[in-house]
Amino acid sequence: MAKYNKVVLAYSGGLDTSIIIPWLKDNYGCEVICVAGNVGQDAELDGLEQRALATGASKLYIEDLQKEFVEDYVFPTLKAGAVYEGLYLLGTSFARPPIAKRIVEIAKAEGADAICHGCTGKGNDQVRFELAIKAFAPDMPIIAPWRIWDIKSRDEEIDYAIEKNIPIKLTRETNYSKDMNLWHLSHEGLDLEDPANEPQYAKEGFLELGVAPEQAPDKATYITLSFEEGIPVALDGQKMDGVTLIKKLNKLGGENGIGLADIVENRLVGMKSRGVYETPGGTILYRAHEVLETLCLDKETQHYKQQVALKFADIVYNGQWYTPLREALSAFVDSTQKTVTGEVKLKLYKGNIINAGVTSPYTLYSEEFASFGEDDVYDQTDSAGFINLFGLPIKVKALLDQERNK
C-alpha cells in the first residue's frame, strides 16, 4: 500500500468509521484527522470527539452544516418536487454533497495526502462522496477500505472492534444500518433484508422520529404552511428559518405517524435494496408544496416540471449534484417558483396528510370560470368546435378504417 502522512476521514462515529481509524494507522502509518458534518443528527454527535481521539484520531472537526444543508440542498430539491422512484425523498442522497465539500476544504487546509470514507462497495454513498470530492479536488487520492480490507460483513466489523478495544454502541442483534440527519432516518439490514417481512413499526425502539399510524392520536392536527417562491417560510403564521421549521414539522409529523416509507429501491450500482425511511417533516413539506403548485402553475409548466422532477431525482440519487445539468435544472425550477407563494392548510391524522385549503395571491384558479352554476364568462357552445378539431385525427382514422373494411 502507498504511504500517506496525513489522511482526512469522513467520520460519523458509527461502526464503519470507528474501526477505520486504527485500520488506517496500521496499514498506512498515517495521522488520521476526522471530520463530522453536522446535518442534524443530534444526539449522535454527543461524545464524538472523545470517541474519535480514544480510537486513535489526532483531531476531530465537527462542522455545523445544517443551514447550508437545508438552504442549498434540501429546498432546491423540494422546489423541484424530486422524489426517487415515487417514494424516496432523498434524505441520505443530498446530505452527502455538502459533507464531502467541507471535507475537501479541511483536507486542503490541513495539507492532507488523501481522503478516506467508510462507504461500502455495494452502496450509493461511495459514488456520492467520491463525485463530490472529484468536483473540488480532482487530484486527491481517495481511500475506500471496504474495497481493500479482508472484512466481509458487519459481524466481522464487530469482531475487529472488539479486538482493537473500540467502544461501540450496538450489538449483533440490534445492528440495523441507520443514517440520520435533519431530514430523515433510514433503516436497513437484519429482518428488513427480506422484503417479505413487515417492518415492526409499533415495536419499541424501532421508530425514532415518530410513531406507527395506529399509535397516533385519535384527534387530527391542523397546520398551515406559508411559502414564498416555493420556499417554506412560516408555520401557523410564525416565521422561522428552514432548520427550525423542519424540526418542528418532524415533531408534528412524527406524533401523527406521518412519513413512513418501505421501499425496495434500485441502487446506482445495479442491485435492489430494501430500506425503511422516516421522513415526517419532509413528507409534509412535499405535500404542501405540491398542493400549492396545483394552484399557481399553468398546466404545461406543471406537467413539464413533473418530467424534470424525475431527472432531478436521479441526479441527486446518483451523486451528481455538482454538475452543469443539475445547475441548469435548478435554474429552470427557480423560474417556475416565482409565483409559488401562498398558504396551505393540512390535516394530519394517523399517517395521512389531508388537504384542508389552499390560497395564493398568484392563483390561476377562477371560481367564476370553473363554477357549475350560472355564469356569463364561458360560452359552453364554444366547446363543440374545440372537440371537433381536437378529435379530428380520431374521426379521420375511423372513417378511413370503415372504407378499408368494406
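Residues numbered from 1 in each chain as written. Predicted model: local features only at pLDDT ≥ 70, side-chain atom pairs only at ≥ 80, totals over all residues. Heavy atoms only, no water.

What follows is about the nonpolar core. The biggest cluster of nonpolar side chains holds 73 residues, and the ones touching the most others in it are Phe69, Leu90, Trp183, Leu225, Ile284 and Leu285. By residue number, the principal contributor to this core is helix α8 (residues 280-296), which donates 8 residues. Sequence-distant contacts of Trp183, defined by excluding residues within four places in its chain, comprise Phe69, Val74, Leu89, Gly91, Phe94, Ile246, Asn250, Glu278, Thr279, Gly282, Leu285 and Tyr286. With 30 residues, the next largest nonpolar core counts Leu24, Ile143, Ala161 and Ile166 among its residues. (Core = buried A, V, L, I, M, F, W, Y, C linked by side-chain atoms within 4.5 Å. Buried < 20%, exposed > 50% of the residue type's maximum accessible area, 1.4 Å probe, protein only. Helix = DSSP H or I, 4+ residues; strand = E, 2+ residues; numbered from the N terminus. Contact = heavy atoms within 4.5 Å.)

Along the chain, the position of Gly230 falls in the loop between β8 (221-228) and β9 (231-235). Here Gly230 falls in the buried class, since its relative accessible area comes to 1%. If we ignore the near neighbours within four places in the chain, the residues touching Gly230 are Lys79, His289, Gln337 and Val340.

The interhelical angle for the contact between helix α3 (residues 66-80) and helix α7 (residues 242-255), taken along N-to-C directions, is 80°, at an axis separation of 8 Å. Taken together, the axes of α3 and α7 are roughly perpendicular relative to one another. Residues Gln66, Lys67, Val70, Val74 and Phe75 of α3 pack against Gly242, Val243, Ile246 and Lys247 of α7. Among the residues making up the contact of α3 with α7, the classes are represented as 5 nonpolar, 2 polar and 2 charged. (Axes fitted to C-alpha atoms, helices over the stretch in contact; angles between N-to-C directions. Parallel < 35°, antiparallel > 145°, perpendicular 65-115°, else oblique. Nonpolar A, V, L, I, M, F, W, Y, C, P; charged D, E, K, R; others polar.)

Let us look at unusual backbone geometry. A positive phi is found at Leu190, a non-glycine position, where the angle reads about 50°. The class for Leu190 is partly exposed, based on a relative accessible area of 33%. One non-glycine residue with positive phi stands out, namely Asp236, at about 55°. Its location among the elements puts Asp236 in the loop between β9 and β10 (238-239).

Here the focus is the side chain of Thr55. With respect to the element layout, Thr55 can be found in the loop between α2 (48-54) and β3 (59-64). Look at Thr55 and you get buried, because its relative accessible area is 10%. Only 2.5 Å separates the side chain of Thr55 from the backbone oxygen of Arg51, close enough to count as a polar contact. (Polar contact = N/O pair within 3.5 Å; in protein donor to acceptor, adjacent residues only side chain to side chain.)

Strand order across the open sheet formed by 5 strands is β3-β2-β1-β4-β5, with parallel pairing between neighbours. Two strands close off the open sheet at either side, each with one partner strand: β3 and β5 (142-143). Bridging between strand β1 (residues 6-10) and strand β4 (residues 114-116) involves 3 bridges; their strand directions are parallel. Residue pairing in the sheet places Val7 in a bridge with Ala114 of β4. Running at roughly 165° to β1, helix α1 (residues 15-28) makes contact with β1, β2 (31-38), β4 and β5 of the sheet. Those strands touched by helix α4 (residues 96-110) are β1, β2, β3 and β4, and its axis lies near 135° from that of β3. (Pairing = 2+ DSSP bridges.)

What follows deals with the pattern of salt bridges. This structure, assessed with the given rule, holds 23 salt bridges. Among the salt bridges present, the one from Lys59 reaches Glu110, with a minimum N-O distance of 2.8 Å. Of this pair, Lys59 sits in strand β3 while Glu110 sits in helix α4; the two residues are 51 residues apart in sequence, bridging distant segments of the chain. The exposure class assigned to Glu110 is buried, which follows from its relative accessible area of 14%. (Salt bridge = Lys/Arg side-chain N within 4 Å of Asp/Glu carboxyl O.)

By the criterion of burial, β1 is predominantly enclosed, with 5 of the 5 residues buried. Side chains Lys6, Val8 and Ala10 of β1 all project onto a buried face; the interleaved residues Val7 and Leu9 project onto the opposite face, where all are buried too. Pairing geometry for β1 and β2, over 5 bridges, is parallel. Residue pairing for β2: Val7 is matched across the bridge by Val32. Taking the sense of rotation as the criterion, the β-α-β connection linking β1, α1 and β2 turns out right-handed. (Right-handed = clockwise from strand over helix to strand, strands pointing away.)

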